[in-house]
Amino acid sequence: MPVLEISGLRRRFGDLVALDGLSFTVEAGVVTGFLGPNGAGKTTTMRAIFGLVDLDGGEIRVDGQIVDGERRRRFGYMPEERGLYPTMKILDQVEYFGRLHGLSRREARTKGAQWLTRLGLEGREDAKVDELSHGNQQRVQLASALVHEPDVLILDEPLSGLDPTGIDDIGAIIVERAREGRAVVFSSHQLDLVENLCDVVTIIDHGRVVAHGSVDELVSAGSPRLSVRVEGVRDASWIESFPGVTVSEVNGGAVRLVLDEGVSTDDVLTAARTVGRVTEFSLHRRRLSEVFREALS
Amino acid sequence: MSLLRHVLGPALGLVVLTTVLLRRRRRRATPPTTRREPSTREWTRHPLGLVAGREIRQRLHSRSFTISVLITMVAVAAIIVVPTFHHSAPLHVRVGVAPGTPNSTVALVHRDAHSFGVEVSVTTVSSRSVAEAAIRHHSLDLAILPTSELVTRSGLGGSGTTGGSFLSTLALSLGQSSALQAAHLSATQLLTLQATHPFSQISLQPSTPRRHVDPLVLVGIIVMFMMINQYAQWILMGVMEEKSSRVVEVLLSGLRPVEMIGGKVSGIGLVALLQSGLTIASALIASLAVGSPLVRAHASWTLGALLLWFLLGYVFYSWVFAAVGSMVERIDQAQSLVLPFSLPLMAGYIYSLVEASSTTVSSLFRLLAYFPPTALFAMPTLVGRGDVGPIGFTVAVLIDVAATVLIARVAAGIYRRAILHTGARLRWGDVLGRRR
């Protein structure tokens, strides 16, 4: 059953249409990737979910009920522009956010300490935010969003600026939250990470949904990709004029090709053999980055 | 009784009015099943209480607050104590007279000294040279010589001082006494002349009695101005810090703007009350210690009025400064935006100080006592002068409360629209019209 339903959101800022009838649903138990180019309307949508932006039209429901202030207290939010009190101790800060979302002082302090430990900040509870590195500040921000165990978790670019260990830690928590039956939405421009972490992806552009579905469905749909590597050949000039074949990518001598329906892989292999010894020849599903580019084109 | 009638009455009215307004607003905004009023025990878990609690902890832990409280307490105590130094040490004049000086002369010295509040001790000096030597060596202040001369070191402080005035009067008295004795009057005639009383003066068109403000109000207005400026700045800086650090976006994901500002105003307001309480305690202790006339029998009414107007003024200006803080990210941007609101605060303060020491108050000043941006200083000034009755006082309170409710609504709207805006500085036209 969908937990979060976003229906027909509309919003203009002067002449700019930020949201143009945007609709999608977020189900409990899955990680939903919320993708789009800069200015597509992702942050406006997330702010609208929290009532931070007035809408011209549309509605947001959770479990079938219009979202109001009380229900929002069961949401967790990590905005794109990180926000913490610079001179407040980090455990006090996480406790404060927990209490604002309805926890008792004891619960908030206990859970806050647990989350800080989980995120690798054990022993630094009394440090002030401005004494921490960017990555650690991001961990405190995530702890603040998670401390009250929200049913709906909205994360705007939670992985940006993190080192690989940080990405692994926070990625694991995002997936774990979803597996516990919560609705998790996060936006990111790191599409390989999204492909690894997400079950479902919604891609928007100009305030409209241009692609939505499970990652498997999206990458399996469309033309297959053929990866070809020819010994001693570093470019794709040998295949560029081949009818029904489009070069998708040239990377370190490997050419990634999109074949139109009816184009024979045998004919491509023959063409490759005419320029040298073929060392790699394999069929692949689309990557999410290719789904993204094609959805926006 | 006067405290009950003048302060608690309006205060109760204020509470009732605010409660009614808030309940009406809540009934319109929220379905009855989704929200209920927090009980007293739940208050510390209510968002508004949590925001207020954070503000209180942050302020009480700051060194600047401790220093500011101590400075205010010491300054107020000094204002009360220092003037009493003048009264606590009356002038003492050591007078030397020649042997055989008549008792009537010594009696005149005592009479004139008493009328100036001067203490005298009279001793006999054998000769003029001895008297002059004693004066030069500071063992004597004044010598009355048989040659009808008064000798001092430098006129007992000179003209315009108590000592100088005493000396002039004594010289005249002794001269008159000497002239009367030279007239060879009988003892009865002499006594009759010495008991001279001036004629009573009767004006057929009496002038308006000069009214001056109670010094307690004067001190209170100065302290109020300092504290309201300080606390309004705290509100401004606090809102601005939350905007520039972007923490406000996280906060508003779980709070309504009105809870955010309301919590901040309440928390800092309680800190302000604490500081006011400590300042008043400091004033009372200092007054009792030196027996200052500053705190008189009617001081409870004056203090109550000052405290009430301090709170009303604080709440009024807090919402205004919160709205300004939500529009800017840097202090230099805030200064130009806040200027139009600082001016009435400053003007009301200066005008009140001027009117407090004038013979009569102008009609404009009486009008300003009912104008919320200036009433916080003007109305206590009228109270201190005894120039306003309970009805006028209550009307001013009700006008101020109504204006504050209106300002709070407008300020919350501006805050909603402006607080998440980044980039170019907003102008008033942007936030008064546009949506978030």
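Residues numbered from 1 in each chain as written. Chains lettered and ligands numbered in written order. Predicted model: local features only at pLDDT ≥ 70, side-chain atom pairs only at ≥ 80, totals over all residues. Heavy atoms only, no water.

**Topic: the overall build of chain A**
As a reminder, the rule being used: Per the convention used, a helix needs a DSSP run of H or I reaching at least four residues, while a strand needs a run of E reaching at least two, with both numbered from the N terminus. Accessible area is worked out with a 1.4 Å probe on protein chains only. A residue is then buried under 20% of its type maximum, exposed over 50%, and partly exposed in between. Only heavy atoms matter for contacts: two residues are in contact if any of them lie within 4.5 Å across the pair. Accessible areas in this description were obtained via Shrake-Rupley with a 1.4 Å probe; residue shielding takes into account the shown protein chains only.
Counting secondary structure elements, chain A contains 10 helices and 14 strands. The buried share of chain A, reckoned over its 297 residues, is 51%. Taking the contacts inside chain A whose residues are at least 6 apart along the sequence as the reference set, 68% of them involve residues at least 24 apart. Of the roughly 12800 Å² that chain A leaves accessible, carbon and sulfur atoms contribute 45%.

**Focus: helix 14 (residues 372-385) of chain B**
All names here are of chain B. Note the following rule: What a helix should span is 1.5 Å times the count of its residues minus one. Here the bend at each residue means the angle between axes fitted to two seven-residue stretches, the one ending at that residue and the one beginning there.
Taking 1.5 Å per residue as the helical rise, helix 14 with its 14 residues ought to reach 20 Å, and the 20 Å between its terminal C-alpha atoms agrees with that figure. Considering bend angle alone, the principal kink of helix 14 is centred on Ala378 and spans about 30°; proline Pro380 follows within four residues of it. Taken from the residues just after helix 14, Gly386 is the one with a positive phi, measuring 75°.

**Digging into the interface of chain A and chain B**
Keep this limit in mind: Accessible surface is computed with a 1.4 Å probe, and the buried area is the amount of it that two parts give up when combined, taken over both parts together. Salt bridge, as applied in this entry: a Lys or Arg side-chain nitrogen positioned within 4 Å of an Asp or Glu carboxyl oxygen. Side-chain atoms alone can form a polar contact between residues adjacent in sequence; in general such a contact is a pair of N or O atoms within 3.5 Å, and within protein one must be able to donate a hydrogen while the other accepts it. Ten residue types, Ala, Val, Leu, Ile, Met, Phe, Trp, Tyr, Cys and Pro, are classed as nonpolar, four, Asp, Glu, Lys and Arg, as charged, and the remainder, Gly among them, as polar.
Listed per partner, the contact involves 34 residues of chain A and 27 residues of chain B. Contact between chain A and chain B buries roughly 2800 Å² in total, counting both sides, with carbon and sulfur atoms accounting for 49%. Taken together, chain A and chain B are joined by four salt bridges. In this structure, Asp54 of chain A and Arg416 of chain B form a salt bridge, with 2.9 Å as the shortest nitrogen-oxygen distance. If you look at where chain A meets chain B, you find seven residue pairs in polar contact (both at pLDDT 80 or more). When contributions to the side of chain A that touches chain B are tallied by element, the ones reaching two or more residues are strand 1 (2-13), helix 2 (69-72) and helix 3 (90-100) of chain A. A per-element tally of the side of chain A that touches chain B places helix 3 of chain A first, with four residues. Taken together, the residues of the side of chain A that touches chain B sort by class into 15 nonpolar, six polar and 13 charged.

**Re the sheet that holds strand 1 (residues 92-97) of chain B**
Residue and element names in this part refer to chain B. Operational definition: Being paired, for any two strands, means DSSP has found at least two bridges between them. Every axis in this analysis is a line fitted to C-alpha atoms, fitted for helices over the stretch in contact. Angles between the N-to-C directions lie between 0 and 180 degrees.
Spatially, the four strands line up as an open sheet ordered 2-1-3-4, and their pairing is mixed. With partners counted over all chains shown, the strands left at the sheet margins are strand 2 (119-124) and strand 4 (149-152), one partner each. Recorded for the sheet is a direction-independent mean angle of 25° between the axes of neighbouring strands. Alignment of strand 3 (residues 142-145) against strand 4, held across four bridges, turns out to be antiparallel. Following the sheet pairing, Leu145 is matched in strand 4 by Glu149.

**A closer look at the packing of helix 3 of chain A against helix 2 (residues 47-60) of chain B**
This is how the line gets drawn: Note that the term roughly parallel is reserved for angles under 35 degrees, roughly antiparallel for angles over 145, roughly perpendicular for angles of 65 to 115, and oblique for everything else.
Contact geometry for helix 3 of chain A and helix 2 of chain B: axes closest at 9 Å, N-to-C directions at 160°. Here helix 3 of chain A is positioned roughly antiparallel relative to helix 2 of chain B, judged by the angle of their axes. Residue-level contacts link Tyr96, Arg99 and Leu100 of chain A of helix 3 of chain A to Pro47, Leu50, Val51 and Arg54 of chain B of helix 2 of chain B. For the contact of helix 3 of chain A with helix 2 of chain B, the class distribution of residues is five nonpolar, no polar and two charged.

**Some thoughts on the packing of aromatic side chains**
Aromatic ring pairs are defined here through the distance separating the ring centres and the angle between the ring planes. Selection rule: Only rings of Phe, Tyr and Trp enter the pairing, Trp through its six-membered ring, and a pair is recorded when the two centres are within 6.5 Å. The plane angle decides the type: under 30 degrees is stacked, over 60 is edge-to-face, the rest tilted. Both a distance and an angle decide whether a charge sits over a ring: NZ of Lys or CZ of Arg must be within 6 Å of the ring centre and within 35 degrees of the ring normal.
Applying the stated criterion to the full structure yields 15 aromatic pairs over all chains. With centroids separated by 6.2 Å and ring planes inclined at 90°, the aromatic side chains of Trp309 of chain B and Phe393 of chain B adopt a geometry described as edge-to-face. Of this pair, Trp309 of chain B sits in helix 11 (residues 299-327) while Phe393 of chain B sits in helix 15 (residues 390-418), and the two are 84 residues apart along the sequence. Comparing Trp309 of chain B with Phe393 of chain B shows no difference in burial state: the two are buried. Taking 5.2 Å as the distance between ring centres and 80° as the angle between the ring planes, the aromatic pair formed by Phe316 of chain B and Tyr317 of chain B counts as edge-to-face. The rings of Phe65, Tyr231, Trp234 and Tyr314 of chain B are connected pair by pair, giving a single aromatic cluster. The ring of Tyr85 of chain A carries Arg54 of chain B above its face, with NZ or CZ at 3.6 Å from the centroid. Positioned above the aromatic ring of Tyr96 of chain A, the side-chain terminus of Arg54 of chain B is 5.8 Å from the ring centre.

**Brief notes about a nonpolar patch on the surface**
Operational definition: Only residues whose relative accessible area exceeds 30% and that take part in no salt bridge are eligible for patches, with like-charged residues grouped when within 9 Å of each other and nonpolar side chains (Val, Leu, Ile, Met, Phe, Trp, Tyr) grouped when within 5 Å.
Residues Leu60, Leu274 and Leu278 of chain B make up a contiguous nonpolar surface patch of about 220 Å² in total accessible area. You can see Leu274 of chain B is positioned in helix 10 (residues 257-290).

**Overview of the nonpolar core**
Put simply, the rule reads: Here, the term nonpolar core denotes a set of buried Ala, Val, Leu, Ile, Met, Phe, Trp, Tyr and Cys residues that are joined through side-chain atoms within 4.5 Å.
One finds Leu4 of chain A together with Tyr231 and Trp309 of chain B to be the most contacted residues of the largest nonpolar core, which totals 161 residues. Excluding anything up to four places from it in sequence, Tyr231 of chain B contacts Phe65, Ile268, Val271, Ala272, Gln275, Phe310 and Tyr314 of chain B. Ranked by size, the runner-up nonpolar core spans 15 residues in total, among them Val93, Val95, Val109 and Val118 of chain B.

**Re the packing of helix 10 of chain B against helix 15 of chain B**
Residues and elements named next belong to chain B. Defined as follows: Note: crossing handedness is left-handed where the near helix turns anticlockwise from the far helix by less than a right angle, and right-handed where it turns clockwise.
Relative to each other, helix 10 and helix 15 sit at 115°, their axes nearing to 9 Å. Helix-helix and strand crossings are classified by hand; for helix 10 and helix 15 the assignment is right-handed. Of the residues in helix 15, those touching helix 10 at Pro257, Met260 and Ile261 are Ala411, Ala412, Tyr415 and Arg416. Taken together, the residues of the contact of helix 10 with helix 15 break down into six nonpolar, no polar and one charged.

**Points about the confidence of the model for chain B**
Residues and elements named next belong to chain B. Spelled out, the test is: Confidence scores here are pLDDT values: one per residue, from the predictor, ranging 0 to 100.
Predicted confidence across chain B gives a mean pLDDT of 81, with 83% of residues reaching 70 or more. Predicted confidence for residues 1-22 stays below pLDDT 50, and this span has 27 contacts to residues more than four positions away or in other chains. Every residue in residues 25-41 scores below 50 in pLDDT, and together they form 14 contacts with partners more than four places removed in sequence or on other chains.

**Comments concerning the sheet that holds strand 14 (residues 278-284) of chain A**
Residue and element names in this part refer to chain A. Strand order in this open sheet of four strands is 12-13-11-14, and the pairing throughout is antiparallel. In this open sheet, the two strands that pair with only one neighbour each are strand 12 (245-251) and strand 14. Between one strand axis and the next, the sheet turns through 20° on average, direction left out of account. In terms of strand pairing, strand 11 (residues 225-230) meets strand 14 through six bridges, oriented antiparallel. Each residue of the ladder has a partner; that of Leu226, found in strand 14, is Leu283. Across the sheet, helix 9 (residues 265-273) touches strand 11, strand 12, strand 13 (254-259) and strand 14, and the angle it forms with strand 14 is around 155°.

**Section: the environment of Leu140 of chain B**
Within the secondary structure, Leu140 of chain B is located in the loop between helix 5 (128-136) and strand 3. Those residues in contact with Leu140 of chain B, other than ones at most four positions away along the chain, are Arg94, Val95, Gly96, Thr123, Val125, Ala131, Ala134, Ile135 and Arg153 of chain B.

**Quick word on the pattern of salt bridges**
Following the criterion strictly, the structure yields 42 salt bridges over all chains and no others. Among the salt bridges present, the one from Glu70 of chain A reaches Arg73 of chain A, with a minimum N-O distance of 3.2 Å. Taking relative accessible area as the criterion, Glu70 of chain A reaches 33% and is therefore assigned partly exposed. Glu149 of chain B serves as the salt-bridge partner of Arg128 of chain B, at 2.6 Å between the closest nitrogen and oxygen. With Arg128 of chain B in helix 5 and Glu149 of chain B in strand 4, the pair connects residues that are 21 residues apart, well separated along the chain. A residue is classified by how much of its surface remains accessible, and Glu149 of chain B, at 33% relative accessible area, is partly exposed.

**Thoughts on the side chain of Ser144 of chain A**
Residues and elements named next belong to chain A. Mapped onto the fold, Ser144 is located in helix 5 (residues 134-146). When its relative accessible area of 3% is taken as the criterion, Ser144 is described as buried. Contacts of Ser144, omitting those with residues within four sequence positions, involve Leu84, Val94 and Phe97.

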